[in-house]
Amino acid sequence: MMQASALIWTWHPANLTLDALGALNMKQANGKAFTHAALVDARGELFASGLLVDQMVRPGYARLADSVRLKQYREVLNRFTPEVLRQSLIRVVELDTKRSPGWPRLARETGIALLRLGVYTGSTPQEMETLWRQLRVIYAWNELIAPACVNGFDADRMSGVDARFREIILHQAFNAFSHQWDAGALPAFQWMMTQPRESQMSPALRYPLAEALLHRGELGHLRDVLRDDENPEAEALRACALVQEGQWAAAQKMFEPALKALRQETGARKQLLPETILWMYPLCLLAQQTPNHLLLARKFCITESGSRNPSALDPWGAWVHAIDVRLGDAALNSHALFHTGYSPLALLWFALLRAWLGPKVVPAVTDKRQKDLRQKATITAHEQLRACGFTWLDTQLTAADEVYAGGEAPENCFIGGGAQSWQTVLASLRALGAPAVAPNAPDKATRLVWAVTLNDDGAIQEIRPLEQKQGARGWGTPKPITLAKLANSQRLESWDAQLVLAIHARQGRSRDYFMDRAAAILALVGHPSVVMSDAMDIPVDVVAGTPDIEVTHDGKRYVLEVRPNLRAPPDARHGYFPDGSLEKREQEALRAITVVRDSPQRIRVVQFTPAQRHAIQLMSGRLSIPDEAQPELQQTLESLAGHFQIQSDHATATHEMDADPHLRAELSPAGDGLMLRRPGLPFRLWRFTCCRAAA
């Protein structure tokens, strides 16, 4: 019974084993033919001894355990001639066809049995095609090659396998090995490594073999396999080897011509190589830290995702989202970088991206169920990698978890972690004007006044238009005016017309308008008629500002802190809007804008540029630097001087100039009065307001 079950090879029900026993004319020990009852008893004994195992997803289906399956299969091949076995399996197929005319119920199982028998007894693909047409098997044989011949790879019989079948089997085995981390294909890899190197090895085998060597970290063997091969696929694999060695710039230099050549050859823009190779290109770009490299990686990942706005929950979309978060262009999606429902490779990507952003940006999972699922998935991935011998990939997964927990990054890891992370941050920071002011408004009987409401953290809560009329006693009380009326008005001053451009109709509701607060606050810079909602009688000057970096020294370390800091994203449960909507864009833009109330008559609009957001993201708002790093800190501050106001009494000035003994003053309109602004060195401002009559 074990031999008949081994001949079927894959999962199958008891009646298929009984058909095979009858077709082979195999008898019980008492010389009688097998009955269903005798078969059930025999199966029970095999189940009890662990030699037969159930298929969990299909009750009633079973196969021999891996420990005895290949041995029993070899024994049945030695006991019967290939022709007898082939005719017996054909008889089994015919019996199944009679039970269910026109649609064999077990065509997949019998197809796998026929294909394995034909391949390992020397049949050619043409002979297999003929047999398939004769039996009208509904599954194409090339769809069954993996379960038939890769699972239970028989190295002893590979010498007798047809050369075309041999190449197909090995290609399928390497695909399962490198792309699915299936240790069941390891025997095929081991057999391939024992064979003499063929100078004219087919690319269908050469490149998958080289990829398997790459994942195992056997770079010497990889370069030996690719010797004298100048094709773009080989160049890309060599670039991956440079990534493993930490030669990021050299890897990029080798990757890009290879990808360009593949685009020209294939006419395709994406999926030029397997994902298991392609991901190392953005990896080497992220390792170089500069905004230009990050943007280049972002563009590549968007192309691979196939969408301009990929979901942060998708594997390639996770790369795009992580880069956006690092650059300060997006708030973290709390559901991203933890999903475990994709391939094992995606799990590795998510772990690496979490570590790259750091625990301050990506909070740890607190939900017990989600935490347990992720831990189980990580343990399974480690087991798969170690079973395949993929030491480099396993090291990267381990390093990602250690760095995310605050540990040290290993050598040649693209993530900087532990106590020396400040060096990576300073290197990234080193690699990193004002809007025009509208003229003063002329006298007019009616004007628009814009009332601004701020939260405590400088977020813009509301910008409300008001209409104010001038009478015999001066300007009257401002009264609300609807956005719909303004949106359709054609008689506005130029400075008000700029704000009307920020008024939009909501999707699907033509008369329901909202104001894009991010665009509106920028249009208010220099506007002559602005007030705060809590002080409607005090005109306010709106000016553009720049964030400050304040450098202090606590005796042992320098501390860098950004003021104002980039605000935290709002709770995702509040104000949800679909991706790509005007409201969603407004929310994203508002996060990059903070309004500072310098005085009752002056507010400062700080719009964080991509470079500033990137710097703040790197610093996590506050960064500590050891004393001995003062020269590197000074170089970094010089690089940042074009993006931030640097406030420091401990670092040397970024520009030396002769002292000026004269005081400077700036006089500018401030509502009904004048503002005298006296700039002083190094960074403080003194100002007071006087009435126009006194001036």
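Residues numbered from 1 in each chain as written. Predicted model: local features only at pLDDT ≥ 70, side-chain atom pairs only at ≥ 80, totals over all residues. Heavy atoms only, no water.

1. Quick notes on the overall build of the protein
Reasoning step 1: The secondary structure content of the protein amounts to 28 helices and 20 strands.
Reasoning step 2: For the protein, buried positions account for 46% of its 695 residues.
Reasoning step 3: Surface exposure of the protein reaches about 34900 Å², of which carbon and sulfur atoms provide 50%. (Helix = DSSP H or I, 4+ residues; strand = E, 2+ residues; numbered from the N terminus. Buried < 20%, exposed > 50% of the residue type's maximum accessible area, 1.4 Å probe, protein only. Areas by Shrake-Rupley, 256 points an atom, 1.4 Å probe, with all protein chains shown as cover.)

2. Looking at the pattern of salt bridges
Reasoning step 1: The final tally for this structure, using the stated rule, is 22 salt bridges.
Reasoning step 2: One salt bridge in this structure joins R86 and E83, with 2.9 Å as the shortest N-O distance. With a gap of 3 residues between them, R86 and E83 both fall in helix 5 (residues 82–99), about one helical turn apart.
Reasoning step 3: On the basis of relative accessibility, which here comes to 18%, the residue R86 falls in the buried class.
Reasoning step 4: For D372, the salt bridge identified is with K368, shortest N-O distance 2.9 Å. Of this pair, D372 and K368 both sit in helix 20 (residues 368–388), 4 residues apart, which is roughly one turn of the helix.
Reasoning step 5: Accessibility expressed as a relative area gives 60% for K368, which makes it exposed.
Reasoning step 6: One salt-bridge network, held together by shared partners, links R63, D66 and R69. (Salt bridge = Lys/Arg side-chain N within 4 Å of Asp/Glu carboxyl O.)

3. A word on the confidence of the model for the protein
Reasoning step 1: Chain-level statistics for the protein give a pLDDT mean of 81 and a share of 83% at 70 or above.
Reasoning step 2: Counted against residues more than four places away or in other chains, residues 651–657, with its pLDDT under 50, gives 9 contacts.
Reasoning step 3: Predicted confidence for residues 680–695 stays below pLDDT 50, and this span has 31 contacts to residues more than four positions away or in other chains. (pLDDT = per-residue confidence, 0-100. Contact = heavy atoms within 4.5 Å.)

4. Here's the deal with the sheet that holds strand 14 (residues 593–599)
Reasoning step 1: The strand order 11-15-14 describes an open sheet built from 3 strands, whose pairing is mixed. The outermost strands of the open sheet, each flanked by one partner alone, are strand 11 (541–545) and strand 14. The mean inter-strand angle of the sheet, taken between neighbouring strand axes irrespective of direction, is 25°.
Reasoning step 2: Summarising the sheet, strand 11 and strand 15 (residues 602–607) pair through 5 bridges and their orientation is parallel. If you follow D541 over to strand 15, its bridge partner there is R602. (Pairing = 2+ DSSP bridges. Axes fitted to C-alpha atoms, helices over the stretch in contact; angles between N-to-C directions.)

5. Thoughts on the packing of helix 14 (residues 248–266) against helix 16 (residues 280–287)
Reasoning step 1: Where helix 14 meets helix 16, the closest approach of the two axes is 9 Å, and the angle between their N-to-C directions is 140°. Put simply, helix 14 runs oblique to helix 16. Read as a crossing pair, helix 14 and helix 16 show a hand that is left-handed. Facing W248, A251, Q252, F255, E256 and L259 of helix 14, the residues of helix 16 in contact are M280, Y281, C284, L285 and A287.
Reasoning step 2: In terms of residue class, the contact of helix 14 with helix 16 is built from 9 nonpolar, 1 polar and 1 charged. (Parallel < 35°, antiparallel > 145°, perpendicular 65-115°, else oblique. Left-handed = near helix turned anticlockwise from the far one by under 90°. Nonpolar A, V, L, I, M, F, W, Y, C, P; charged D, E, K, R; others polar.)

6. What to know about the packing of aromatic side chains
Reasoning step 1: Tallied over the full model, the rule gives 12 aromatic pairs.
Reasoning step 2: Between W319 and W349 the ring centres are 5.7 Å apart and the planes differ by 75°, which places this aromatic pair in the edge-to-face class. Of the two residues, W319 sits in helix 18 (residues 315–327) while W349 sits in helix 19 (residues 344–357), which places them 30 residues apart along the sequence. The pair formed by W319 and W349 is uniform in burial state, with each residue classed as buried.
Reasoning step 3: Ring-pair connections join several aromatic residues into one group, and the members of that group are F255, Y281, F300, W316, W319 and W349.
Reasoning step 4: Seen from the ring of Y61, R58 lies directly overhead, with NZ or CZ sitting 3.9 Å from the centre.
Reasoning step 5: Across from the ring centre of Y207, 5.7 Å away, lies the NZ or CZ of R206, which sits over that ring. (Phe/Tyr/Trp six-rings, centres within 6.5 Å; stacked < 30°, edge-to-face > 60°. Lys NZ or Arg CZ within 6 Å of the ring centre and 35° of its normal.)

7. Here we look at helix 19
Reasoning step 1: If you check helix 19, its first and last C-alpha atoms are 20 Å apart, about what 14 residues at 1.5 Å a residue would give, namely 20 Å.
Reasoning step 2: Buried residues dominate helix 19, accounting for 13 of its 14 residues.
Reasoning step 3: A positive backbone phi angle near 95° is found at G358, which sits one or two residues after helix 19. (Expected span 1.5 Å × (residues − 1).)

8. Some words on unusual backbone geometry
Reasoning step 1: For the bond from R563 to P564, the omega torsion is -10°, close enough to zero to count as cis.
Reasoning step 2: Even without being glycine, N25 reaches a positive phi, approximately 55°.
Reasoning step 3: Summarising the element assignment, N25 is placed in the loop between helix 2 (14–23) and helix 3 (36–49).
Reasoning step 4: Phi angles above zero are rare outside glycine, and W181 is one such case at about 55°.
Reasoning step 5: Mapped onto the secondary structure, W181 falls in the loop between helix 9 (163–180) and helix 10 (186–194).

9. Regarding the sheet that holds strand 13 (residues 557–563)
Reasoning step 1: The 4 strands are arranged 16-13-12-17 in an open sheet whose pairing can be described as mixed. Each of the sheet's edge strands pairs with one partner strand only, and the pair in question is strand 16 (622–626) and strand 17 (645–648). Looking at each pair of strands side by side, their axes are set apart by 20° on average, direction ignored.
Reasoning step 2: Note: strand 13 against strand 16, 5 bridges, orientation antiparallel. Paired with E561 across the two strands is R622, which belongs to strand 16.
Reasoning step 3: Along the sheet, helix 27 (residues 610–619) contacts strand 12 (548–553), strand 13 and strand 16; its crossing angle with strand 13, the most-contacted strand, is approximately 135°.
Reasoning step 4: Helix 28 (residues 630–640) contacts strand 12, strand 13, strand 16 and strand 17 of the sheet and is inclined by roughly 20° relative to strand 13.

10. Observations concerning the environment of R298
Reasoning step 1: Mapped onto the elements, R298 comes out in helix 17 (residues 291–305).
Reasoning step 2: A relative accessible area of 26% means that R298 is categorised as partly exposed.
Reasoning step 3: Remark: the alpha-carbon pair of R298 and P282, spanning 16 residues in sequence, is separated by 7.9 Å.
Reasoning step 4: Setting aside chain neighbours within four positions, we find R298 in contact with V320, I323 and D324.

11. Observations concerning the packing of helix 10 against helix 11 (residues 203–215)
For any two helices packed against each other, one specifies the crossing angle of their axes together with the interaxial distance.
Reasoning step 1: Put simply, helix 10 and helix 11 touch, their axes get as near as 12 Å, and they point 110° apart. Between helix 10 and helix 11, the crossing angle belongs to the class labelled roughly perpendicular. Facing helix 10, whose interface residues are F189, M192 and M193, helix 11 presents L205, L209, A212 and L213.

12. Describing the pairing of strand 3 (residues 446–454)
Reasoning step 1: A large share of strand 3 lies buried, amounting to 7 of its 9 residues.
Reasoning step 2: The pairing of strand 3 with strand 4 (residues 460–471) spans 9 bridges and is antiparallel. Bridge assignment links L454 to a residue of strand 4, and that residue is I460.
Reasoning step 3: As judged from the 3 bridges shared by strand 3 and strand 9 (residues 530–532), these two strands associate in the parallel manner. Bridging from a neighbouring strand, A451 pairs with V531 of strand 9.

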